[in-house]
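Each chain, written out:
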Amino acid sequence: MVAEMIKDMPIDVVIMAGGVVPDSLKGFTGKKSKAMLKIGDRYMVEYVVDAVRGMKGVGKVICVGHEDEIGQVLGGRVDVMVPSVDSMMENLRAGLRAVAGTDLVLICTCDIPLITSAVLEDFIRTCKKRQTDLCYPIVEKAVNERLFPSVKRTYVRLKDGVFTGGNVVLVNPTVFEAHWALIERAMALRKSPLKLLRMLGIFFVLRFIFRQLSIANIESKVEKILGFHAAAVIVPHPEIGIDVDKESDYKIILEALTKK
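Note that the coordinates shown come from a computational prediction; the quantities given were computed from them, not determined experimentally. (Residues numbered from 1 in each chain as written. Predicted model: local features only at pLDDT ≥ 70, side-chain atom pairs only at ≥ 80, totals over all residues. Heavy atoms only, no water.)

Applying the stated criterion to the full structure yields 15 salt bridges. One salt bridge connects lysine 34 with aspartate 111, and the closest N-O pair in it is separated by 2.8 Å. Of this pair, lysine 34 sits in the loop between β1 (11-17) and β2 (38-39) while aspartate 111 sits in the loop between β6 (105-109) and α5 (117-128); the two residues are 77 residues apart in sequence, bridging distant segments of the chain. Residue aspartate 111 is classed as buried on the basis of its relative accessible area, which comes to 7%. Lysine 246 is the partner of aspartate 249 in a salt bridge, and the nearest nitrogen-oxygen pair spans 3.1 Å. Judged by relative accessible area, which is 3%, aspartate 249 ranks as buried. Linked by salt bridges that have partners in common, Arg42, Glu46, Asp50 and Arg77 make up one network. (Salt bridge = Lys/Arg side-chain N within 4 Å of Asp/Glu carboxyl O. Helix = DSSP H or I, 4+ residues; strand = E, 2+ residues; numbered from the N terminus. Buried < 20%, exposed > 50% of the residue type's maximum accessible area, 1.4 Å probe, protein only.)

Structure follows, in structure tokens:
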């Protein structure tokens, strides 16, 4: 279990930076990599790498992305640069293979430039308290909108509250490999909460519609289906999920970084 493994072990990190620039953001960069959006005086991926490198007890740092662009910028700040392909899930698999034999990996995307070492460390500390093979952060809507009132996010209404997801996950990589097909399917539906819940059965969809579905219900069902315990942990840090997908996100984040 993650909680048992995490105590004194360095945590390896896989940074997913293989995405291409969406059309809505092409005006902010001449590069093909989304990770190479210039925000202030740094490229977006640099903010994430710096936050990861600033963590206590960090192990190897792997970056999966367009090596010709990102590799030149990051230099020696990552331990391994893995060339990306067109498939997000294949990029993830390649990143995890680069840390083969590791019992615990933090996976994060390159498009959360507001993330900090302290936020990542707090998330990991919270995960320590759970006996789980996978920890995923969720943020309450009220907390998210208090700091970033104009940001547009996908929210899910549960019995426990209204939440949006983060862009990091702490996982035992052998769990991903053993259940790859189901996890790949779930990742494809991550932007459609109702479709995602359908994977858990019509009973769950009905409970969701009538606002009777709880975090504990979902965790229990996932464990029965996959055979491992996945936990959704509530964190008070919107920075863990505020990503750059469109021009309005870019402007919000640029303003936030300028104020720092």
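We now examine helix α11 (residues 215-226). Its twelve residues give α11 an end-to-end C-alpha distance of 16 Å, which sits within 8% of 16 Å, the value for a rise of 1.5 Å per residue. Restricting attention to buried positions, one finds in α11 the residues Ile215, Asn217, Glu219, Val222 and Leu226. (Expected span 1.5 Å × (residues − 1).)

Before going further, it helps to examine the pairing of strand β9 (residues 161-165). β9 sits mainly inside the fold: five of its five residues count as buried. What you see with β9 is no split at all: Gly161, Phe163 and Gly165 on one side and Val162 and Thr164 on the other are buried throughout. Bridge analysis of strand β7 (residues 134-140) against β9 gives three bridges, and the strand direction is antiparallel. Paired with glutamate 140 across the bridge in β9 is phenylalanine 163. Here strand β8 (residues 156-158) runs beside β9; their pairing, made up of three bridges, is antiparallel. Bridge pairing in β9 links valine 156 to phenylalanine 163. The turn linking β8 back onto β9 is made up of two residues. (Pairing = 2+ DSSP bridges.)

An α-helix turns once per 3.6 residues; consequently, residues spaced three or four apart project the same way. Taking 1.5 Å of rise per residue, 13 residues should cover 18 Å, and helix α12 (residues 247-259) covers 19 Å from first to last C-alpha, within 8% of that figure. Of all the residues in α12, the buried ones are Asp249, Tyr250, Ile252, Ile253, Ala256 and Leu257. Buried residues in α12, looked at end-on, bunch into an arc of 165 degrees, giving them a common side. Set apart from the buried face of α12 by more than 90 degrees, the exposed residues are Thr258 and Lys259. At its buried positions, α12 is contacted by β2 and α2 (44-53). (Arc of directions from axis to C-beta. Contact = heavy atoms within 4.5 Å.)

Quick look at the packing of aromatic side chains now. Note on aromatic pairs: each is described by the distance of the centres and the angle between the planes. Under the definition given, this model contains two aromatic pairs. Pairing phenylalanine 176 with tryptophan 180 gives two aromatic rings, centres 6.4 Å apart and planes at 70 degrees, and the pair type is edge-to-face. The class for phenylalanine 176 is buried, based on a relative accessible area of 6%. By relative accessible area, which is 7% here, tryptophan 180 ends up buried. Across the ring face of tyrosine 47, the terminal group of arginine 42 is positioned such that the distance to the ring centre comes to 4.0 Å. In this arrangement the basic side chain of arginine 93 is found over the ring face of tryptophan 180, its NZ or CZ atom lying 4.3 Å from the centre. (Phe/Tyr/Trp six-rings, centres within 6.5 Å; stacked < 30°, edge-to-face > 60°. Lys NZ or Arg CZ within 6 Å of the ring centre and 35° of its normal.)

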